[in-house]
Amino acid sequence: MWPSFFIVWRESVEALLIIGILYAWAKREQNTHQLNKIWLGGLLGLLLAGALALAILYAGSWYAGSGGEWFLTAMMLVASLLILQMVIWMQRHGRTMKRDLEQAAAAKVAKGSGFGLMLLAALAVGREGSETVVFLAGTIQQAASLSAFIIGAVLGLAGAIITFLLLQAFSHMVPWQWFFRLSAIILLLLGGALLVAASDKVAGQLASWEEIPEWLIYIIYEPLWDSSWLLVDARGSWAGLIGYHAAPSLSQYLPLALYWLCAGLFFIRDGSRMGRKQTQPD
Amino acid sequence: MRQIIFLTSLLCCILSAAVAPAAPLPNYEITITDGKFDPEKIEVPAGQRFKITIKNTGTSPAEFENLSMRVEKVLGPGVQSFVVMHPLKPGSYKFIDEFHLDQPGFEIIVSAQ
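Residues numbered from 1 in each chain as written. Chains lettered and ligands numbered in written order. Predicted model: local features only at pLDDT ≥ 70, side-chain atom pairs only at ≥ 80, totals over all residues. Heavy atoms only, no water.

**A few points about a nonpolar patch on the surface**
Part 1 of the argument: On the surface, Leu224, Trp225, Leu250, Leu254, Leu258, Leu261 and Leu265 of chain A cluster together to form a nonpolar patch covering roughly 680 Å² of accessible area.
Part 2 of the argument: Mapped onto the elements of the fold, Leu250 of chain A is located in helix α11 (residues 250-279). (Patch = residues over 30% accessible without salt bridge, like charges linked within 9 Å, V, L, I, M, F, W, Y side chains within 5 Å. Areas by Shrake-Rupley, 256 points an atom, 1.4 Å probe, with all protein chains shown as cover. Salt bridge = Lys/Arg side-chain N within 4 Å of Asp/Glu carboxyl O. Helix = DSSP H or I, 4+ residues; strand = E, 2+ residues; numbered from the N terminus.)

Following this line, the structure appears as structure tokens:
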């Protein structure tokens, strides 16, 4: 029972955090157009997860080969950049959105973000969902007790839904500014982890190239430092969810550093612009 | 312009590396049958790249995994794939089948030369 509970819950956490935060944002702005797009994206994500699960089971050599690797890489890259874009977009429009929405012109701006939201929700669900489907499909054949297995999976799903509801409740308990800041940071952490995972996939593909030059091996594998005395790499840990690696290489943390630099620059620029706007008399 | 120079020099690096003769990587073949690895461990010399070819001979999917070594490979039933391992320091490296955690897993023992 516990393995199936654990797998379902763990694999849903990342998708739930992303979707839950976007959902809370849209809900606070009372933007029904975006809410619908998030739900639609979630549904599309389930379809994507199902399709990928079928690919693992019936087109396994494609999935395990370079075709599947590049496909997953592209999914993670797009999701990670979408998160960055969402957070920046939200930073720009979030504070004034409710007021602007009363004007017809600004409603169009809100609509523009709909497709991105839908795609991000779909990718978040689709990525981890496919492995959950395959794991469950694989385990169900050999579970010692089928009923315990089903209970575990259902409890896992229930745990995931409770997490989602808690997030919604939490979003209303704290002041909007604080919730936005905290959730933007959580999203960026998840987005950074996705970027690290994507560059790992690229590195894995490059490493399988027989004549790989020395300098590339160095970039991919040479650890910058080793913090495994503090925290080891472990699946399902919170540290892993935000892209922590005990002995990261340049290929892992250079993209991550650039990602955070981008996020930081946008925040500083928009922050100062916002400050100027507020001090100028209208 | 600077980008063009950069890209050209990068391409030259790649090409010069590509034409350099290289011996094929040593290959180790293993199978996973519903969580059971065969062989359960291999011994390799330290400081050399090598390749592990994994075939899933079971009826259920498998995920060959060691997170700190950044190996994560999902294999459907009957599917074969490979991973390339970078030069390792002497020691023991443990792999698991993420979909069959009740099984002992797989180990690479790296011995100093």
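**Details of the sheet that holds strand β9 (residues 106-111) of chain B**
Residues and elements named next belong to chain B.
Part 1 of the argument: If you walk across this open sheet you meet the 5 strands as β3-β9-β8-β5-β6, and the pairing is mixed. The open sheet has two edge strands, β3 (41-45) and β6 (71-75), and neither has a second partner. The average undirected angle you get between the axes of adjacent strands in this sheet is 20°.
Part 2 of the argument: Looking at chain direction, strand β5 (residues 62-66) and β6 are connected through 5 bridges and run antiparallel. Along β6, the bridge assignment pairs Phe64 with Lys73. (Pairing = 2+ DSSP bridges. Axes fitted to C-alpha atoms, helices over the stretch in contact; angles between N-to-C directions.)

**Focus: the nonpolar core**
Part 1 of the argument: In this structure, Ile18, Leu22, Trp25, Ile83, Leu120 and Leu187 of chain A are the most contacted members of the largest nonpolar core, which totals 56 residues.
Part 2 of the argument: At the level of elements, α1 (2-28), α2 (32-58), α4 (66-100), α6 (114-140), α7 (146-173), α8 (176-207) and α11 of chain A are the ones that each hand at least two residues to this core.
Part 3 of the argument: Look past the residues within four positions of Ile18 of chain A in its chain and what remains in contact with it is Ile83, Leu120, Ala124, Leu187 and Leu190 of chain A.
Part 4 of the argument: Of all hydrophobic cores here, the second largest spans 24 residues; its members include Ala64 of chain A together with Ala46, Ala62 and Val71 of chain B. (Core = buried A, V, L, I, M, F, W, Y, C linked by side-chain atoms within 4.5 Å. Buried < 20%, exposed > 50% of the residue type's maximum accessible area, 1.4 Å probe, protein only. Contact = heavy atoms within 4.5 Å.)

**Digging into the interface of chain B and chain A**
Part 1 of the argument: Every contact between the two is made by 35 residues of chain B and, on the other side, 36 residues of chain A.
Part 2 of the argument: Inspection of the chain B/chain A interface yields 2 salt bridges.
Part 3 of the argument: Measuring nitrogen to oxygen at the nearest pair gives 2.9 Å for the salt bridge that ties Asp200 of chain A to Arg70 of chain B.
Part 4 of the argument: Looking at the side of chain B that touches chain A, the elements with two or more residues in it are α1 (2-19), β5, β6 and β7 (80-85) of chain B.

**Quick look at the pairing of β6 of chain B**
Part 1 of the argument: The element β6 of chain B is largely enclosed, with a buried count of 4 among its 5 residues.
Part 2 of the argument: Taking the residues between adjacent antiparallel strands as the criterion, β5 of chain B and β6 of chain B are bridged by 4 residues, where Arg70 of chain B takes a positive phi near 60°.

**Re the pairing of strand β1 (residues 27-33) of chain B**
All names here are of chain B.
Part 1 of the argument: Of the pairings in the sheet, the one linking β1 to strand β4 (residues 50-56) comprises 6 bridges and is parallel in character. Across the sheet, the residue bridging to Glu29 is Thr53, located in β4.
Part 2 of the argument: Here β1 folds back onto strand β2 (residues 36-38), and the loop between the two strands holds 2 residues, one of which, Asp34, carries a positive phi near 45°.

**Remarks on the pattern of salt bridges**
Part 1 of the argument: With the rule as written, the count across this model stands at 5 salt bridges over all chains.
Part 2 of the argument: Across the salt bridge formed by Arg127 of chain A and Glu14 of chain A, the nearest N and O atoms sit 3.3 Å from each other. You can see Arg127 of chain A sitting in helix α6 and its partner Glu14 of chain A sitting in helix α1, a full 113 residues away along the chain. Across the pair, Glu14 of chain A and Arg127 of chain A agree in class, each one buried.
Part 3 of the argument: Close ionic contact of Lys36 of chain B with Glu40 of chain B constitutes a salt bridge, the shortest N to O distance being 3.3 Å.
Part 4 of the argument: Counted as one network, the salt bridges with shared partners bring together Glu69 and Lys201 of chain A together with Lys73 of chain B.

**Structural notes on the confidence of the model for chain A**
Atom-level detail of predicted coordinates should not be read off regions where pLDDT is low.
Part 1 of the argument: On average, residues of chain A carry a pLDDT of 79, and 81% of them reach 70 or more.
Part 2 of the argument: Mean pLDDT across the secondary structure elements of chain A bottoms out at helix α5 (residues 104-112) of chain A, with 56, and peaks at α2 of chain A, with 88. (pLDDT = per-residue confidence, 0-100.)

**Looking at α2 of chain A**
Part 1 of the argument: Here α2 of chain A is 27 residues long and its end C-alpha atoms lie 39 Å apart, about the 39 Å a rise of 1.5 Å per residue gives.
Part 2 of the argument: Looking only at α2 of chain A, the buried set comprises Gln34, Leu35, Ile38, Gly41, Gly42, Gly45, Ala49, Leu52, Ala53, Ala55 and Ile56 of chain A. (Expected span 1.5 Å × (residues − 1).)

**Some remarks on helix α9 (residues 214-221) of chain A**
All names here are of chain A.
Part 1 of the argument: Looking at α9, one finds that the buried residues are Leu216, Ile217, Ile220 and Tyr221. Along the long axis of α9, the arc covered by the buried residues comes to 110°, so they all point the same way. With respect to the buried face of α9, the exposed residues turned more than 90 degrees away are Glu214 and Tyr218. (Arc of directions from axis to C-beta.)

**What to know about the side chain of Arg49 of chain B**
Part 1 of the argument: Structurally, Arg49 of chain B can be placed in the loop between β3 and β4.
Part 2 of the argument: Apart from residues lying up to four places away in sequence, Arg49 of chain B is in contact with Ala207, Trp209, Glu210, Ile212 and Ile217 of chain A together with Leu25, Pro26, Val84, Met85, His86 and Pro87 of chain B.

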